[in-house]
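Coordinate inspection notes
Residue strings, one per chain:
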Amino acid sequence: MGNERKHRILMVSDFFYPNFGGVENHIYYLSQCLLKLGHKVVVMTHAYGKRSGVRYMTNGLKVYYIPWRPFLMQCTLPTFCGTFPIIRTILIREKITLVHGHQAFSTLCHEALMHARTMGYKVVFTDHSLYGFADVGSIHMNKVLQFTLADVSQAICVSHTSKENTVLRSGLPPEKVFVIPNAVDTAMFKPALERLKDDQIVIVVISRLVYRKGADLLVEVIPEVCRQFANVRFIIGGDGPKRVRLEEMREKHSLQDRVEMLGAVPHAQVRSVLISGHIFLNCSLTEAFCIAILEAASCGLLTVSTRVGGVPEVLPDDMIVLAEPDPSDVAEAIRKAITLLPRIDPQVMHLRMKDLYSWHDVAKRTERVYDRAMGCSDQSLLERLSRYLSCGAWAGKLFSLVMIVEYLFWCLLKVWQPAEEIEEVPDVHLPQHQIEEMS
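Let us look at the structure shown here.

Thresholds, definitions, all that
- Residues numbered from 1 in each chain as written.
- Predicted model: local features only at pLDDT ≥ 70, side-chain atom pairs only at ≥ 80, totals over all residues.
- Heavy atoms only, no water.
- Pairing = 2+ DSSP bridges.
- Helix = DSSP H or I, 4+ residues; strand = E, 2+ residues; numbered from the N terminus.
- Axes fitted to C-alpha atoms, helices over the stretch in contact; angles between N-to-C directions.
- Contact = heavy atoms within 4.5 Å.
- Phe/Tyr/Trp six-rings, centres within 6.5 Å; stacked < 30°, edge-to-face > 60°.
- Buried < 20%, exposed > 50% of the residue type's maximum accessible area, 1.4 Å probe, protein only.
- Core = buried A, V, L, I, M, F, W, Y, C linked by side-chain atoms within 4.5 Å.
- Right-handed = clockwise from strand over helix to strand, strands pointing away.
- Left-handed = near helix turned anticlockwise from the far one by under 90°.
- Nonpolar A, V, L, I, M, F, W, Y, C, P; charged D, E, K, R; others polar.
- Salt bridge = Lys/Arg side-chain N within 4 Å of Asp/Glu carboxyl O.

1. Here's the deal with the sheet that holds strand S8 (residues 122-127)
Hydrogen bonds along the backbone pair up the strands of a sheet, which may run parallel or antiparallel. Spatial strand order, S3-S4-S2-S1-S7-S8-S9-S10: eight strands in an open sheet with mixed pairing. A strand with exactly one partner marks an edge of an open sheet, and here the two such strands are strand S3 (53-56) and strand S10 (177-179). Pairwise comparison of adjacent strand axes, ignoring direction, gives a mean angle of 25° for this sheet. Of the pairings in the sheet, the one linking strand S1 (residues 8-12) to strand S7 (residues 98-102) comprises four bridges and is parallel in character. Paired with Val12 across the strands is Gly101, a residue of S7. Relative to the sheet, helix H2 (residues 84-93) contacts S1, strand S2 (40-46), strand S4 (62-66) and S7, its axis offset from that of S4 by approximately 165°.

2. Focus on the packing of aromatic side chains
Within this structure, the stated rule accounts for 12 aromatic pairs. Ring geometry for Phe147 and Tyr388: centres 5.5 Å apart, planes at 50°, overall tilted. Of this pair, Phe147 sits in helix H4 (residues 136-149) while Tyr388 sits in helix H13 (residues 381-389), and the two are 241 residues apart along the sequence. Each ring, one from Phe289 and one from Tyr357, has its centre 6.2 Å from the other, and the planes form 80°; the classification is edge-to-face. Separated by 68 residues along the polypeptide, Phe289 in the loop between strand S14 (279-282) and helix H9 (291-298) and Tyr357 in the loop between helix H11 (346-356) and helix H12 (359-374) bring together distant segments of the chain. Residue Tyr357 is classed as buried on the basis of its relative accessible area of 9%. Through successive ring pairs, a cluster of aromatic residues spans Phe16, Tyr17, Phe20, Tyr28, Tyr29 and Trp359.

3. Let's talk about unusual backbone geometry
The step from Tyr17 to Pro18 runs through a cis peptide bond, and the omega angle for that step is 15°. Mapped onto the elements, Pro18 comes out in the loop between S1 and helix H1 (22-36). Here the phi dihedral of Phe80 falls at roughly 60°; this positive angle occurs in a residue that is not glycine. Mapped onto the secondary structure, Phe80 falls in the loop between strand S6 (75-76) and H2.

4. Overview of the nonpolar core
Ile222, Leu274 and Leu281 are the most contacted members of the largest nonpolar core, which has 101 residues in total. It is H1 that provides the largest number of residues to this core, a total of eight residues. Leave out the neighbours within four places in its chain, and Ile222 touches Phe234, Ile236, Leu246, Met249, Leu255 and Val259.

5. Re the pairing of S8
The element S8 is largely enclosed, with a buried count of six among its six residues. Burial of the side chains of S8 extends over both faces: Lys122, Val124 and Thr126 are buried on one face and Val123, Phe125 and Asp127 on the other. In this structure, S7 lies alongside S8, joined through five bridges in parallel fashion. In the sheet register, Val99 faces S8, and the bridge partner there is Val123. With helix H3 (residues 107-118) bridging S7 and the parallel S8, this β-α-β connection has right-handed handedness. Note that S8 and strand S9 (residues 154-157) share four bridges and pair parallel. Along S9, the bridge assignment pairs Val124 with Gln154.

6. Thoughts on the packing of H2 against H3
The N-to-C vectors of H2 and H3 enclose an angle of 65°; their axes lie 10 Å apart at closest approach. Seen along the crossing, H2 lies across H3 with a hand that is right-handed. Packed against H2, whose contacting residues are Phe84, Ile87 and Leu91, the element H3 presents Ala112, His115, Ala116 and Thr118 at the interface. Here the residues of the contact of H2 with H3 are counted per class, giving five nonpolar, two polar and no charged.

7. As for the pairing of S4
For S4, a buried count of five out of five residues is recorded, marking the element as mostly surrounded by other parts of the structure. Neither face of S4 is open: one carries Lys62, Tyr64 and Ile66, the other Val63 and Tyr65, and all of them are buried. Across five bridges, S2 lies against S4 in parallel orientation. Paired with Val42 across the strands is Lys62, a residue of S4.

8. Looking at the pattern of salt bridges
As a working rule, side chains carrying opposite charge can pair if their charged atoms are close by. The full count for this structure, using the stated rule, is 21 salt bridges. Here Glu94 ties to Lys62 by a salt bridge, and the two come within 2.7 Å at their closest N and O atoms. A residue pair is termed long-range when its members are at least 10 positions apart, and Glu94 in the loop between H2 and S7 and Lys62 in strand S4 qualify at 32 residues. Given a relative accessible area of 1%, Glu94 falls into the buried group. Classification of Lys62 by relative accessible area gives buried; the value is 10%. The network of salt bridges with common partners includes Arg8, Lys40, Lys62, Glu94 and Asp427.

As structure tokens, then:
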């Protein structure tokens, strides 16, 4: 089984365009590169506002916005078998051979992987986040992940730290988990043609303003840095529940002329914000892999970041200054970064990023994981149930019961709507000259 095999892939997640974020970008760019490699890729997500039904994106990427509405934090309400009929129809219509789910938060991802395994498809799961082990939410999430990954063909994590975290949470054998980092579109994120003057230092923050992204830490860091350096100014892009705290801080310390709040920044405008600064600041309290750091480095910015999760794996030491998630330590890291600025050449940094990170490389490595997944042996229901029973004394029995009900429902669906009655859609083949332009 070599790389000649062409896969027919269904990407599934609650997180996709028009919503913007790291997972959404990952799915889009990975899908585009897989299309260039000759694979068929279809994306399935829930409806966004009036966007429901089938849409086509760049290079013929087909997206199913199924008529399910988000319930909480852009995730759909768990239904177990509620999504089975529509997912089964899409799998048969598009002649899918492999299902790739993204993000442990995504309800749609978990249900699609469960339904696909019941129907005998090979499945791959990519984890984009880190989770704890002690709080109630993490314990619940980890049990759900253990249920999903008990029968997964292969898994992917975006950093080695993320791999350790996923293996510990799910009990998945380490040899079934591969590390494939994110990447950046260096053609889109390029430095400014002219180097910025150093008489005024501009620090850029682009992040969702939530606790996990370190918004509270940022509230304490900004006044301290402004006190130490009279020539430093902040530009903050992003929105979230913690925005009020930042605006209160700006009022309290009279920093209206030194802290600019942009609100939510469309992804197409992120570069224009980044190239207006010298330093990119990331205050995350937990992070599996930060794509925003790659985008900033590709634009030639020196990065200051908290030393959490997989962040230390992202950039070489001379392109990033790390700090503990403590206000004084972050302020000291910013002071160090300011002294390093004269040695930073944005154009050289951009060229290094082109060599370090490529979506085409990510797609080639993901393709090899797909090949391994397709090489996994088929298993009967009884063999699969034995995996679920090993998930715990009570949880194992519950998981097995769910899968038995799922299997019976699938048998009912085959009688109610036989596969032969589901029309298969013809494949769209791009003209040869267009394929050559894409490659």
